[in-house]
Every structure is written in structure tokens, then in C-alpha cells.
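# Coordinate analysis (summary)
As a plain string of letters, each chain reads:
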Amino acid sequence: MNPTVARLTLRGLLGRRRGLLLLVVPVLLLLVSAFAAASSGNHHDLVVDILGKLGLGTLLPILGLVVGTGAIATEIDDGSIVYLLAKPLPRWKIITTKLTVAIGITWAFSAVPMLLSGLLMYGTKEGLALAYTAAALVAGAAYSALFLLLGVVTRHAVVAGLAYALVWESVIGNFVEGARKLSIQQWGMAVAESVAAEGSLTSVVSLGAAVVLLLVVAVAATVLASVKLAGLTLASEE
Amino acid sequence: MATITIDKVSRWFGNVVAVNDVSMSIGPGITGLLGPNGAGKSTLIHMMSGFLAPSTGTVTLDGAPIWRNQEVYRQIGLVPERESMYDYLTGWEFVLANAELHGLPHPGAAARKALALVEMEYAQERRTGTYSKGMKQRVKMASALVHDPAVLLLDEPFNGMDPRQRLQLMDLLRRFGADGRTVLFSSHILEEVEQLARHIEVVVAGRHAASGDFRKIRRLMTYRPHRYLVRSSDDRKLASALIADPSTAGIELDWQEKALRIQAVNFQGFTTLLPQVAQRAGIRLYTVAPADESLESVFSYLVSA
Ligand SMILES: Nc1ncnc2c1ncn2[C@@H]1O[C@H](COP(=O)(O)OP(=O)(O)OP(=O)(O)O)[C@@H](O)[C@H]1O
Ligand SMILES: [Mg+2]
């Protein structure tokens, strides 16, 4: 951790309009759950829909994308990254610091509101609130690492990230069995299943496989991002 | 004492050759890197500052490779060409952050000193996003010299500055050079480089065209063949009178322009010769215009030399 890199990253992420944009996620989740809590439907199914499909399946990857790429891609695009790189700072330190900040923000804006939403709708029944929170924590960390890497390796990080999160995980993942197993969302679900009461949630990946895959993705993305940052090339202004 | 050595360096992007087999060594004092647009100045500076790998050859600082070697930044200060610099920070926060990133023992004191050097204390509480071009340039300077580097690299530092800011920055760089630091700046304006640089390196179209002190570069440019467009009361007669003189290298009659195109061997000789010849022959001169005095043509002459 480098405190200066952390401070700059935090201000870049939370300053200006992006900070407000990030607030959309918790506000939306809490509003929807407040309505759901007041409704008379099957609350178990409502929680699965709201926390599973909306929270874990849609809002979390989008938040991870905005935060993960915003933690570094913006600086690379406008060239201000030179002020971090023209320093005797190990590149992995820059990456791990930015990753820590990105994970912290992703957690604050997703896992925390998911826990509150779950408690609001369903209390502590079946351990659902806690289960989805745990899923958001692990998946949020993995998304942050993956999207931070995308921010370093491509100038089209947002498009590539959206393609992964929406097309691969949602569309293809819903039809192709293999694709579904290679999805951060499903690894998060495996964790949720193991936390929730026996039989209340299901997932397509075993807990062991999910934990290993989450670790591999997070570590590999971090290492690769550090290596790529060390060889970052400055383009002349066209 | 720090020296950057560029040894047989080429850099290409796809099939564009941006830098073509350049060797030079940049030592203490002020060096100007002079060349027209697209000459490869930025590409060279990116390689000297560790932000671009040479395709072939080596770029070293006192023998240590610069590419993928972040330790060199203890000695190098870089003022990049681009303007963006965390515009949500104030000038003070920006320079302080740079001092902290260098791991300096007293970052606050270093930032204060650097801002004082560039005379930006008066605006240090304002966000850098609100600065003018010249102010940004000076705060960038402060961030580059906050760790008291032995080498300062500046890409087009005078771009967009008004004359007063230009003089201020020149003054600052002169002090740096006088301290025995290695200062390299790029520019496409000869006069700018001449005013400041002890030593000039000229690059044109990726090639190292000339190297030397400003007198030598001036001489190369002054004694190159010059072209003139001349109109007179009797072009034919003037042509035959001039062709006999050794300072005229070539004459041709341009029917369309109704003028003579004259190539002179050297500038001074020809400008004294022409009026004398005309007077002796009783010819009146209407127009004497240099035909290609653009910097581009000066540069292209240097390359072919
Ligand atoms: N990233 C890149 N990709 C492709 N071509 C490039 C790249 N960077 C530079 N070039 C090309 O290399 C050549 C040299 O460019 P460079 O920016 O080094 O010139 P320069 O001397 O700094 O010019 P200027 O005065 O315009 O700043 C140009 O032809 C340019 O188009
Ligand atoms: Mg340039």
C-alpha cells in the first residue's frame, strides 16, 4: 500500500460526477427492497430476484466495471499516469494499492447495501442476507481485479468489461453450460449457497472449485496488471 | 554529473520509422533538441524517460538502462508534453503528492521549495484544472524538480507560453544548467533553442541531422545554398552578368512568374553581389525575395548535408 497512490485513486473515484454515479447502485437496491418488503409476494423469491439477479447479477458487475477501470484507465487515457510512473515505486505496489481502494469502494457500494436490503426484506431467515453479502464480497473483489487489469491492457476497457459482464455472464451463461461455470457471478453463488441454510440456494459450481477459480483470477489479474504497467508505453499526442 | 547515452537507437511504429539509427550523448548543461513537427523529438524523449522501449539500440543513464528501470527516476525529472495532471488537485496537493511518491524524507519542505522555484506559490491553493497553460507548465516543472534531480527532460516546454512566462522559464532552466545539471528540452523553433541551449542536437525525419553549439548550427544554416526569386528591368541581361560570378550556383528563367530563380552558394556573398552587378549593368531590381526560407527547408538541407 502506498498512501499517496491510495489517496489520489480515492479522490479520482469519488470526486466529481463519478461519485454520484456510484450512489445509484445502493439507492436503487434499497428502494427496490423497500417496495418488496412492503409487498405481499413470496419473500424468498423476491430476495433471490433482487439480491441475486439485480444485485449480484447486474449491479455488482457494472459497479465493479466503473470502479475497476476508473481506478486506473482514466489516468492512462489522459496521460496523468506518468506522474505515478516517473517515480522509484515498484509497479506491483501501484497496482495492489489501486486494487485495494477499488475493492473497498466496490464493497462499500454493493456488499453493504445488499446486506441492508436482505435484512430489510427477509431478516436473518435462511441466512439469505448474509449469503448474498458474502457472494458480493468475493465476486466484488474478483471483478475489481479483472477490470483493473482490463484498464491497464486495453484502451477499450469499458467495452471489453461490458462484453464480459453482460454478454458472457448473462446471455451466454444462461444458455451454455460451460460458460456458466466460468463466471465470477456463479463462483459468488457457490459461496452464497454454502453460507445460506441447507437447500435454500443452488449453484452450478462446487464451493472448492469456486474458491480456487476466484483466487486464480484475482492473483493472475493482479500479477499481469503489474507486469503490463511496468512496460507501459506513452503514445505521442496525435 | 549525469549523462544520458543514446546508442544506435531506432524506434518504429508498424512501418513508420520515428527514430532512425540515432546516437548522441546528453551531458551536463542545457541541450536543445531541435526538429520540425514529426521529427521524432517526443519519441526520443519518451525513450530517455523510460516510457518507450527502443526497437534496437540502447538508452542508458550513466551506464544503467532506462527502460523498465524505475530506479532511474531518483535522478530524472520529466516534464511531459501533455497537460493533464489530476486536475481535481490544487497546485500544492499535486506537487506534495509528487514529493511523497518519491519517498522524500520531508515532502512538505520539498514541495514548498519547488513551488517557490517556479514562483507559483500565489496560486498553489487553486485547482490545477483552473490554471492557464503557462501556470500548468510551471507546476509541472515544480513536480519534476521536487526531488532535486540531476537530469531534467522537457518536451516542448515553451508551447503556449506568453513571452514573459517564456523568459521566466528560460531563466529557471539556465540556473539549472549552471548548477551542472543535465537539462534537455525539445522545440521546433530555432530562435528558442539558440537563446537557451549551450548545445544543440538537430533531428529531422527521425535522423540525427546535426550536432554542435549554436554558432555551428547557425553557420550550417547560413552557408547553405539559398534560393531567391528576382525580378528586374532586364532579367536576361542580369542572368548573364550573374552566372559569371562564383557565388551563383544556378540560374533559371521562370517564364510563368516572369522572374529569375537564382540559387546562391552563400547568403552573405550573394546579398552584397546582386546590387553591385545590377548597378554596373544598369539594371533596376524590382523584387528580391527568398524563395524557401521556411524552417522545413533549412532542416531538409541539414539532412542532405
Ligand atoms: N504511437 C505511435 N504510433 C504510430 N506512429 C507514431 C507514434 N508515435 C509517434 N509516431 C510517429 O513517429 C514520428 C515521430 O513522432 P514524434 O511525436 O516523436 O515527433 P515530434 O518531433 O515530437 O513532433 P512534434 O513536434 O509534432 O511534437 C511521427 O511520424 C509520428 O507520426
Ligand atoms: Mg512532440
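Here's a quick rundown of the structure.

Once that is clear, we can look at the overall build of chain B. Assigned secondary structure in chain B consists of ten helices and 14 strands. C-alpha extents for chain B along the principal axes are approximately 80 × 45 × 35 Å. By residue count, 51% of the 305 residues in chain B fall in the buried class. Residue pairs in contact within chain B that sit at least 24 positions apart in sequence constitute 67% of those at least 6 positions apart. Accessible surface, chain B: about 13600 Å² in total, of which carbon and sulfur atoms supply 51%.

Before going further, it helps to spend a moment on the environment of A:Leu99. All names here are of chain A. By secondary structure assignment, the location of Leu-99 is in helix α6 (residues 91-122). Classification of Leu-99 by relative accessible area gives buried; the value is 12%. Ignoring anything within four residues of it in the chain, the contact list for Leu-99 reads Ser-144, Ala-145, Leu-148 and Thr-222.

What follows concerns the interface of chain A and chain B. Facing 33 residues of chain A, the contacting portion of chain B comprises 28 residues. For the pairing of chain A and chain B, the buried interface totals around 2900 Å² over both sides, and the portion due to carbon and sulfur atoms is 58%. Viewed at the interface, chain B and chain A are joined by two salt bridges. Taking the shortest distance from any N to any O, the salt bridge between A:Arg7 and B:Glu100 comes out at 3.2 Å. The interface formed by chain A and chain B includes ten residue pairs in polar contact (both at pLDDT 80 or more). Taken together, the elements giving at least two residues each to the side of chain A that touches chain B come down to α1 (3-14), α4 (73-78), α5 (82-85) and α11 (207-230) of chain A. Per-element accounting of the side of chain A that touches chain B gives the leading share, six residues, to α1(A). Grouping the amino acids of the side of chain A that touches chain B by side-chain chemistry returns 16 nonpolar, eight polar and nine charged.

Residues that lie three or four places apart on an α-helix share one face, since the helix turns once every 3.6 residues. Of all eight residues in helix α1 (residues 41-48) of chain B, eight are buried, a share of seventy percent or more. Taken from the residues just after α1(B), B:Gly50 is the one with a positive phi, measuring 75°.

Turning next to the packing of aromatic side chains. With the rule as written, the count across this model stands at five aromatic pairs over all chains. With a centroid separation of 4.9 Å and an interplanar angle of 80°, the aromatic rings of A:Tyr83 and B:Phe94 are classed as edge-to-face. Of this pair, A:Tyr83 sits in helix α5 while B:Phe94 is found in helix α2 (residues 91-101), placing the two residues in two different chains. The residues A:Tyr83 and B:Phe94 share a single accessibility class, namely buried. Geometrically, the ring pair formed by B:Tyr86 and B:Tyr88 is edge-to-face, given 6.2 Å between the ring centres and 90° between the ring planes. The aromatic ring of B:Phe176 is capped on one face by B:Arg181, whose charged end is 4.3 Å from the ring centroid.

Right, let's talk about the packing of α6(A) against α11(A) for a bit. Residue and element names in this part refer to chain A. Where α6 contacts α11, the two axes come as close as 8 Å, and the packing angle between them is 130°. The angle between α6 and α11 falls in the class oblique. Two packed elements cross with a definite hand, and for α6 against α11 that hand is right-handed. Across the interface between the two elements, Arg-91, Trp-92, Ile-94, Ile-95, Thr-96 and Leu-99 from α6 touch Thr-222, Ala-225, Ser-226, Leu-229 and Ala-230 from α11. The class makeup of the residues in the contact of α6 with α11 is seven nonpolar, three polar and one charged.

Turning to the pairing of strand β13 (residues 259-264) of chain B, a few remarks are in order. With five bridges joining them, strand β11 (residues 226-232) of chain B and β13(B) adopt antiparallel strand pairing. Paired with B:Val230 across the bridge in β13(B) is B:Leu260.

The rules behind each value
- Residues numbered from 1 in each chain as written.
- Chains lettered and ligands numbered in written order.
- Predicted model: local features only at pLDDT ≥ 70, side-chain atom pairs only at ≥ 80, totals over all residues.
- Heavy atoms only, no water.
- Helix = DSSP H or I, 4+ residues; strand = E, 2+ residues; numbered from the N terminus.
- Buried < 20%, exposed > 50% of the residue type's maximum accessible area, 1.4 Å probe, protein only.
- Contact = heavy atoms within 4.5 Å.
- Areas by Shrake-Rupley, 256 points an atom, 1.4 Å probe, with all protein chains shown as cover.
- Buried area = accessible area lost by both parts, 1.4 Å probe.
- Salt bridge = Lys/Arg side-chain N within 4 Å of Asp/Glu carboxyl O.
- Polar contact = N/O pair within 3.5 Å; in protein donor to acceptor, adjacent residues only side chain to side chain.
- Nonpolar A, V, L, I, M, F, W, Y, C, P; charged D, E, K, R; others polar.
- Phe/Tyr/Trp six-rings, centres within 6.5 Å; stacked < 30°, edge-to-face > 60°.
- Lys NZ or Arg CZ within 6 Å of the ring centre and 35° of its normal.
- Axes fitted to C-alpha atoms, helices over the stretch in contact; angles between N-to-C directions.
- Parallel < 35°, antiparallel > 145°, perpendicular 65-115°, else oblique.
- Left-handed = near helix turned anticlockwise from the far one by under 90°.
- Pairing = 2+ DSSP bridges.

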